[in-house]
Amino acid sequence: MLPAAFDYKRAGSAAEAISLVSEYGDDAKFLAGGHSLLPLMKLRLAAPSVLVDIGRLTDLSYIRDAGDHIAIGALTRHMDVEKSPVLAQHVPLLAHAAGHVGDPQVRHRGTIGGSIAHADPASDLPATTLALGATYVVQGASGTREIAAKDFYKGFLESALRPDEMLTEIRVPKMNGAGWSFQKFNRRAQDWAIVGVAAWRRGSESGVALVNMGSTPVLATSVAAAIASGASVSDAAQKASAEAEPQSDLNATSDYRKHLASVLVRRALEESSK
Amino acid sequence: MKISVTVNGEKRESEVEPRTLLVQYIRENLALTGTNVGCDTSSCGACSMHMNGEAVKSCTVLAVQADGCDITTIEGLAKGGKMHPMQEAFMQNHGLQCGYCTPGMVMAAISLLKENPNPTEEEVRIGLEGNLCRCTGYHNIIQSVLACAKGGN
C-alpha cells in the first residue's frame, strides 16, 4: 500500500523544520520515526501534502540528568529510552514502558516525541508520561513554551500543539525510589493495549494514568485522591474509571474496559506499594 | 528525489518518488526479492531488514528516510558462498515450514543476538514478538536462534 503522494522536505535543524511547517500550514506534518504517521498514511486515514522529515535532527536525541528531572530529546527512539541507564536509575517506569511499545523493529525507529505528539490514547508513552507528571517543551515560530502533560491531550489524536509547533523535549520528574508498575493487557504480543495502566506510589503520593480508556490518555485523579486520603488499594482501584469514558470496539465493550481498568489499577497499586 | 543507499555493501543511487516504501524500493527498483511483504501494516515482520545494523520493518520506512543509510537484506548475509551462521542454524534446526516469514525471522534474529548475545529461551520469544509465522512453526525457529547463540554467533 502506498501513501497518497506528498512533497518531502528534509529539515536540517529544528528552526528550519518549524519554518517549513509554518510555510505549508495545515497541509504539512512532521515525520520522525514514522511509525505512527506512515501506517495512517498508507491506509489513507491521513494524507498530508508535505512531510517535513525531522528524523535526522540527532541533536534532539538525548537523555540527560537535569537535577530534579530527566530531560529527553523528542527524537530519542523507544529503544534508547528502554535501554537508558539514566532512566533505569531515575525513571524506571518510563524505561520499562518504552520496552513494551510495539516490538523491537518498531522501537528501533519510533521516537518518544513522535508517540506523544501523535496523542494516541492507545499508546503507552503518552499515558506513562502523564502518570509521571511530565512537562513537554515545544518550539514554534514565536518561541518556546512548556505544556504540562495533563494539559496536552485535547481529544483523539489531538494535542495542544499548534500547527507550527514542534515537540522538542520531554521533562520527566525523577521518581526518587517510588514504587511503580506498568500493566498492559492485550491478547497478542505487540498489540496495542486493550487497557493499560502506568502507576507509581510513594506513601500517600501516587500517580496513575490509563491507556486506551477514552479519546485521550486519562489521568486517574480520583485514584490518587483516594490513596492520598488513606484508602486501601482495592478501594482506590474502584475509582479507576471515574475520569474515563472508554469506547467500545472489536476488542472490548466500554463496560469490560471499566472492569479491566479497576483490576489492572489494583494490580498496579499493589505492585507499586511493595 | 535522488537517494543514495548502500545495499549489501554496494552503493546504489536511484531516483524515487517520496512515497516509495523502502521494501518496494528494494524489491522493485533493485530487484532484491528475498525480502517479503506480508501484512504491509508493520505487524508481521516479513519485511524485516537491517538499517544501519538494526532490524526495521521496511514496509513502514520510506526509501527517502534510508537515504545515506547502510541496508542489509537477506541476500547480503551469505559470504563467499557460505551461509550466515543464523541461516545455517535455521537449516540445521528446521526453523522454517513454508519459508515466507524466514527472511524476516533471520534478519530479526541476527539483530536480536547483536543486542543480546546470550538470550534465554523466553528472551528469544519476546525478542521475536515482531515476527509472525503463519505456519506457527515457532518452536524450531526459537531453537534455531538459541543454537546460533550457543555457537557463539
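Residues numbered from 1 in each chain as written. Chains lettered and ligands numbered in written order. Predicted model: local features only at pLDDT ≥ 70, side-chain atom pairs only at ≥ 80, totals over all residues.

Chemist: Which parts of the structure should I look at to understand the interface of chain A and chain B?
Modeler: Interfaces are frequently sized by the accessible area removed from exposure as the parts join. The interface of chain A with chain B comprises 21 residues on the first partner and 25 residues on the second. Contributions of two or more residues to the side of chain A that touches chain B are made by strand E1 (7-10), helix H2 (37-42) and helix H6 (104-109) of chain A. Of all the elements, H6(A) adds the most residues to the side of chain A that touches chain B, at five residues. (Contact = placed C-beta atoms within 7 Å. Helix = DSSP H or I, 4+ residues; strand = E, 2+ residues; numbered from the N terminus.)

Chemist: Explanation requested: the nonpolar core in the structure shown.
Modeler: Here is a general trend for soluble globular proteins: nonpolar side chains tend to be buried in one another's company. In this structure, A:Leu210 and A:Val265 are the most contacted members of the largest nonpolar core, which totals 86 residues. Per element, the largest residue contribution to this core is six residues, and it comes from helix H11 (residues 254-272) of chain A. (Core = buried A, V, L, I, M, F, W, Y, C linked by C-beta atoms within 7 Å. Buried ≥ 20, exposed ≤ 12 C-beta atoms within 10 Å, placed from the backbone.)

Chemist: Sorry, what's going on with the packing of helix H2 (residues 85-92) of chain B against helix H3 (residues 102-115) of chain B here?
Modeler: For any two helices packed against each other, one specifies the inter-axial angle together with the distance between the axes. Residues and elements named next belong to chain B. Running from N to C, H2 and H3 point in directions that differ by 125 degrees, and their axes come no closer than 10 Å. The orientation of H2 relative to H3 falls into the category oblique. In this structure, H2 crosses over H3, and the sense of that crossing is right-handed. Here Met86, Gln87 and Phe90 of H2 come into contact with H3, specifically with Thr102, Val106, Ala109 and Ile110. Of the residues in the contact of H2 with H3, the class split is five nonpolar, two polar and no charged. (Axes fitted to C-alpha atoms, helices over the stretch in contact; angles between N-to-C directions. Parallel < 35°, antiparallel > 145°, perpendicular 65-115°, else oblique. Left-handed = near helix turned anticlockwise from the far one by under 90°. Nonpolar A, V, L, I, M, F, W, Y, C, P; charged D, E, K, R; others polar.)

Chemist: Before we go on, may I ask you to explain the sheet that holds strand E2 (residues 10-15) of chain B in this structure?
Modeler: Sheets are built from strands paired through backbone hydrogen bonds, the pairs being either parallel or antiparallel. Residue and element names in this part refer to chain B. Strand order in this open sheet of five strands is E2-E1-E5-E3-E4, and the pairing throughout is mixed. Only two strands of the sheet have a single partner each, and these edge strands are E2 and strand E4 (54-57). Recorded for the sheet is a direction-independent mean angle of 40 degrees between the axes of neighbouring strands. Of the pairings in the sheet, the one linking strand E3 (residues 48-51) to E4 comprises four bridges and is antiparallel in character. By the bridge assignment, His50 is partnered in E4 with Ala55. The strands touched by H3 are E3 and E4; relative to E3, the strand with the most contacts, the crossing angle is about 40 degrees. (Pairing = 2+ DSSP bridges.)

Chemist: Looking at this structure, how should I read H3(B)?
Modeler: The periodicity of an α-helix, 3.6 residues per turn, causes residues three or four places apart in sequence to face the same way. Residues and elements named next belong to chain B. If you check H3, its first and last C-alpha atoms are 20 Å apart, about what 14 residues at 1.5 Å a residue would give, namely 20 Å. Among the 14 residues that make up H3, 12 are buried, leaving the element largely enclosed by the rest of the structure. Regarding H3, the residues found buried are Thr102, Pro103, Gly104, Met105, Val106, Met107, Ala108, Ala109, Ile110, Ser111, Leu112 and Leu113. (Expected span 1.5 Å × (residues − 1).)

Chemist: Help me understand the packing of H2(B) against helix H5 (residues 138-150) of chain B in this model?
Modeler: Residues and elements named next belong to chain B. The N-to-C vectors of H2 and H5 enclose an angle of 130 degrees; their axes lie 8 Å apart at closest approach. One element, H2, and the other, H5, form an angle in the oblique class. In this structure, H2 crosses over H5, and the sense of that crossing is right-handed. Here H2 contributes Pro85, Met86, Ala89, Phe90 and Gln92 to the contact with H5, which in turn contributes Ser144, Ala147 and Cys148. Residues of the contact of H2 with H5, tallied by class, amount to six nonpolar, two polar and no charged.

Chemist: Please explain the environment of A:Phe156 as it appears in this structure.
Modeler: Residue and element names in this part refer to chain A. In this fold, Phe156 is placed in the loop between strand E8 (153-155) and strand E9 (158-159). The exposure class assigned to Phe156 is partly exposed, which follows from the 13 C-beta atoms found within 10 Å. Those residues in contact with Phe156 that lie beyond four places of it in its chain are Pro121 and Ser215.

Chemist: Looking at this structure, I do not really get unusual backbone geometry. What am I missing?
Modeler: In terms of backbone geometry, most residues other than glycine have negative phi values and most peptide bonds are trans. Residues and elements named next belong to chain B. Despite not being glycine, Asn52 has its phi angle at roughly 50 degrees, a positive value. The topology assignment puts Asn52 in the loop between E3 and E4. Notably, Thr136 is not glycine yet its phi reads approximately 55 degrees, a positive angle. Among the structural elements, Thr136 can be located in the loop between helix H4 (121-127) and H5. Judged by the 9 C-beta atoms lying within 10 Å of it, Thr136 is exposed.

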